[in-house]
Structure formats: C-alpha cells, structure tokens
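Structural characterization, general
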Amino acid sequence: MIDSEKSDKDLGYDSISDAEQEEDKIYGEKPVAKPSGTLSSDEMVAQAILFYIAGYDTTSAAITHALYFLSQNKDCQQKLCEELRSCDEFTYEKLSQLKYLNGVIHETLRLRPSFARLFRACVQDYKLGNTGITIPAGTAVNINLYTLHRDPKYWPNPDKFDPERWFEPKHHPYAYLPFGAGPRLCIGQRFAINEMQMCLAKMVRKFDFTMVPGFQIEYFRGQPAMSPKELQCHLKLRA
C-alpha cells in the first residue's frame, strides 16, 4: 500500500523531512495547492510553547534510546567516538556533516520513534493510488510507526542496530516517519536533531557507556510517547 502513495511534492507541500528525498508517481489526480493562512498572536505563542515543551521530552527520550543502543553495541560506539575525535569543534555545521553520528540518530529514531503511533484526520475523500481503497473524509488515520520502521520489506535485518544503513539510504520515503511528513510535519524537527547531535557528541566523546548487566528497558504506560523510565549504564571517562 505504501508503494502506491504520492509524495509531499506531488501534493504541493514543501516538506523538510529527511524522508522527502524522492517523488512517487501521480495517479491522474491534480496536485493540491499548498495551504496558506495567518496565525494570531495567541496561536503563535501557543506554537512557541509547544515547540519547547514537546521538543525536550521527546528529545530526551531519543537521547536515552541512543545511549541504550550504543551501550549494547560497543563496536558502533567506538566508531562514533573515533569520528567525533576527528572533529575539531562541535558546531551546527560540522556536526551535520558527521555521517556516523547522524546514522546513529536516524537508526535510533527508526527502532525507537518518540511516538509509536502517528495520528491524523482525513480532511477529504482520498484514493490510495491504485489499491482500490478510498479513505472517506473525517476518518481517523492511525499509522503504527513502530511496525512500519521494522517492516522487512523496507528494512533489511530490521531489528539490527545498523547506523551505516543511513550512509546511502534506499528505503521508501514514507517508510521512515519519526517526525511525520507533509504539512503536519513536526515543527521542531531540526531543533530536535540539533539537540541530539550536540548532546551525543559531547557525551560519547567524553565517556564510554556500558550497559549494566541484566538491565531491561521499561516504559511508562498510558501515554503515546515512548519514554523510558530509566537507563542503567556504567560511565567511564575516556583517556
């Protein structure tokens, strides 16, 4: 079903998602114009507050998951440390060019997205490409990101933590949606990625992380975010 979908560009949206790297085919439908409008002062304040509050909790969970995977995969942690040592200073521009660091971040968000599910509402009748399925307007759409991100159809060895798969990604653009896509793309995507880059770079460059034997990660129940209760690992100062 996902292979029959149109991309954001086909629908007239300008997405900054990493998933937006290729265009799907248009199945005889006229692209929809990009929505436009204005925000009131209260709406702008509300968006700014959401930007920070929603961003910090989900980002802290993502950093916790990254350290969890790096503690389990010491070879990956060593490769990341070597790359970080080759960087003379941690700036936005230089961190964004570190392939292994960004591979670790994307692989973490693939295996443990901040939200296990993505909720959307269909605003108009929508035909799913050539599948013969039409979603009626007003339908609540629930996308299971945890399952999608581990689908072997799009991800070889889907349960393996493999940052290098992101060096030359070949997955379908809608097979990876940790921040959503389209006009409802997470407003804090770039901010969250930048936070993760800086925090992981400084921590992994300075400390070696080793998982406490027998530790099993657990999550808070009854909330949509995948927030770990704790992370137990040993820290050793690097030489």
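These remarks concern the structure in this document. (Residues numbered from 1 in each chain as written. Predicted model: local features only at pLDDT ≥ 70, side-chain atom pairs only at ≥ 80, totals over all residues. Heavy atoms only, no water.)

Let's talk about the nonpolar core
Of all hydrophobic cores here, the largest spans 39 residues; its most connected members are Leu80, Leu101 and Val204. Tallying contributions element by element places helix H1 (residues 41-72) first for this core, with seven residues. For Val204, the contacting residues outside a window of four places in its chain are Leu67, Leu70, Gln77, Leu80, Cys81, Leu84, Phe209 and Arg238. If you look at the next biggest cluster of nonpolar residues, it comprises six residues, including Leu145, Leu148, Tyr174 and Ala181. (Core = buried A, V, L, I, M, F, W, Y, C linked by side-chain atoms within 4.5 Å. Buried < 20%, exposed > 50% of the residue type's maximum accessible area, 1.4 Å probe, protein only. Helix = DSSP H or I, 4+ residues; strand = E, 2+ residues; numbered from the N terminus. Contact = heavy atoms within 4.5 Å.)

Structural notes on the pattern of salt bridges
Per the stated rule, a full pass over the model turns up eight salt bridges. Here Asp208 ties to Lys74 by a salt bridge, and the two come within 2.8 Å at their closest N and O atoms. Here the residue Asp208 occupies a position in strand S5 (residues 207-211), and Lys74 occupies one in helix H2 (residues 74-85), the gap between them amounting to 134 residues. The salt bridge involving Arg150 is made with Asp159; its shortest N-O contact spans 2.8 Å. Note on Arg150: relative accessible area 15%, which makes it buried. With relative accessibility at 58%, the residue Asp159 sits in the exposed group. (Salt bridge = Lys/Arg side-chain N within 4 Å of Asp/Glu carboxyl O.)

Things to note about unusual backbone geometry
If you check the backbone angles, Asn157 has positive phi at about 50° while not being a glycine. Mapped onto the secondary structure, Asn157 falls in the loop between helix H5 (145-148) and helix H6 (189-206). Assessed through its relative accessible area of 55%, Asn157 is described here as exposed.

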